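# Examining the three-dimensional arrangement
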Amino acid sequence: MSESIVADFEYCADQLSSHDRDRYLIAMAAKGGLRKSLLALFAFNSDVANIRAATNETMLGEIRLQWWRDQISNAFAGASKPSGTAGALYDTIQSNVLDASLFNRFLDARTSDLNSEPPKTTDDLLAYCNGTAGSLTQLTLQASVQGDGNKNLSSISTKAGVAWALTGLLRSLPHRLAMGSCPLPQDMLQSAGIDWQYLSHRHPDSRLVPMISALSGLAKDHLKKAQKQTRALPKQATAPLLILTLTSMYLGQIERAGYNVFSPKVATLNPAWRSLRMIWSLYSKSP
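Below is a short write-up of the structure. (Residues numbered from 1 in each chain as written. Predicted model: local features only at pLDDT ≥ 70, side-chain atom pairs only at ≥ 80, totals over all residues. Heavy atoms only, no water.)

Time to look at the environment of Gly32. Along the chain, Gly32 turns up in helix H3 (residues 32–49). Judged by its relative accessible area of 45%, Gly32 falls in the partly exposed class. Sequence separation between Gly32 and Ser112 is 80 residues, and the spatial gap between their C-alpha atoms is 35 Å. (Helix = DSSP H or I, 4+ residues; strand = E, 2+ residues; numbered from the N terminus. Buried < 20%, exposed > 50% of the residue type's maximum accessible area, 1.4 Å probe, protein only.)

Our focus in this paragraph is H3. Along its 18 residues, H3 runs 26 Å from first to last C-alpha, staying within 8% of the 26 Å computed at 1.5 Å per residue. For H3, the full list of buried residues reads Leu34, Ser37, Leu38, Leu39, Ala40, Leu41, Phe42, Ala43, Phe44, Asn45, Ser46 and Val48. (Expected span 1.5 Å × (residues − 1).)

Right, let's talk about unusual backbone geometry for a bit. Here the phi dihedral of Tyr259 falls at roughly 60°; this positive angle occurs in a residue that is not glycine. One can find Tyr259 in the loop between helix H13 (242–256) and helix H14 (264–267).

Orientation of helix H7 (residues 100–110) relative to helix H8 (residues 122–145), taken along the N-to-C sense of each, is 150°, at an axis distance of 8 Å. Between H7 and H8, the interaxial angle falls into the category roughly antiparallel. As for the relative orientation of H7 and H8, their crossing is left-handed in sense. Across from Leu102, Phe103, Arg105, Phe106, Ala109 and Arg110 in H7, the residues of H8 making contact are Tyr128, Asn130, Gly131, Thr132, Gly134, Ser135, Gln138, Leu139 and Gln142. Of the residues in the contact of H7 with H8, the class split is six nonpolar, seven polar and two charged. (Axes fitted to C-alpha atoms, helices over the stretch in contact; angles between N-to-C directions. Parallel < 35°, antiparallel > 145°, perpendicular 65-115°, else oblique. Left-handed = near helix turned anticlockwise from the far one by under 90°. Contact = heavy atoms within 4.5 Å. Nonpolar A, V, L, I, M, F, W, Y, C, P; charged D, E, K, R; others polar.)

Take the side chain of Thr167 next. Of note, Thr167 is situated in helix H9 (residues 153–171). By relative accessible area, Thr167 is classed as buried at 1%. A polar side-chain atom of Thr167 sits 2.7 Å from the main-chain carbonyl oxygen of Ala163. Residues contacting Thr167, with those up to four places away along its chain left out, are Ala219, Thr247, Tyr250, Leu251 and Ile254. (Polar contact = N/O pair within 3.5 Å; in protein donor to acceptor, adjacent residues only side chain to side chain.)

The next thing to look at is the packing of aromatic side chains. Inspection of every chain in the model, using the stated rule, returns five aromatic pairs. Aromatic pair Trp67 and Trp68: ring centres 5.0 Å apart, planes at 80°, arrangement edge-to-face. Its relative accessible area of 1% is what places Trp68 among the buried residues. One aromatic cluster is present, formed by Phe44, Trp67, Trp68, Phe76, Phe103 and Phe106 through successive ring pairs. The ring of Trp67 carries Arg64 above its face, with NZ or CZ at 4.4 Å from the centroid. The ring centre of Tyr250 lies 3.7 Å from the NZ or CZ of Arg171, which sits over that ring. (Phe/Tyr/Trp six-rings, centres within 6.5 Å; stacked < 30°, edge-to-face > 60°. Lys NZ or Arg CZ within 6 Å of the ring centre and 35° of its normal.)

This is how it looks when you write it as structure tokens:
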């Protein structure tokens with residue numbers, strides 16, 4: 001392996017270690033080529049997810065998303081290879097059988113990040129979760145199974161991705177409100193008599209508790225269905241599906257905090273406990 005290729009994947013690892021510790025640990029739990037593929041896919045996700053925070057200009061965000069579309073198209077076409085995260089993703093696309101439409105669906109869903117408005121309905125929120133985390137999960141599973149057991153990947157990825165993304169959106173609610181956006185659906189907000197623009201990122205609104213509880217229940221339902229379906233997948237799919245272990249832990253945190261996602265108990269997870277649970281899941285093959 002050339003020095004440039006090694007440098008690209010090391011760059012991805014450094015970025016994930018700093019900005020997405022959960023997915024960094026998931027990638028490091030994999031072995032060999034799969035680890036490199038997960039590092040590239042997760043670093044790509046991290047870069048795209050941070051576009052909103054990196055710029056307040058919608059047009060600049062759209063330009064960055066288009067840049068990624070071009071990079072992915074070039075990678076599938078075998079055009080000249082870039083460096084950094086894009087270079088690692090290029091090698092991952094070239095060395096795996098991945099569905100190009102999943103990248104397009106992922107980037108299309110991410111365009112809504114550039115809009116501060118909440119999703120109109122709960123179904124819209126779930127569609128966003130599936131388009132982002134669901135697409136990414138399916139790509140990681142495609143890289144894992146390499147054609148073995150692909151029949152149910154779409155269904156499993158949808159359930160696992162929705163559970164993971166929905167849980168993450170709930171946990172990040174204070175941060176998102178501070179950034180001037182809100183992931184909670186308008187239909188639920190209106191039913192609770194809440195104008196999201198007046199929600200404080202510092203002080204919880206008690207009217208949010210039933211809403212957080214309901215969305216947590218929805219995430220838990222998707223989680224349980226995903227866990228049931230993943231039992232038929234080969235062992236090499238275990239590492240990417242560690243998101244199910246983490247989702248379960250985070251949902252437990254939210255529940256123990258009384259569905260108050262503003263609680264300090266929700267913001268952090270004991271690193272030692274997280275690592276132990278991930279190790280247990282990895283070696284028991286039951287995410």
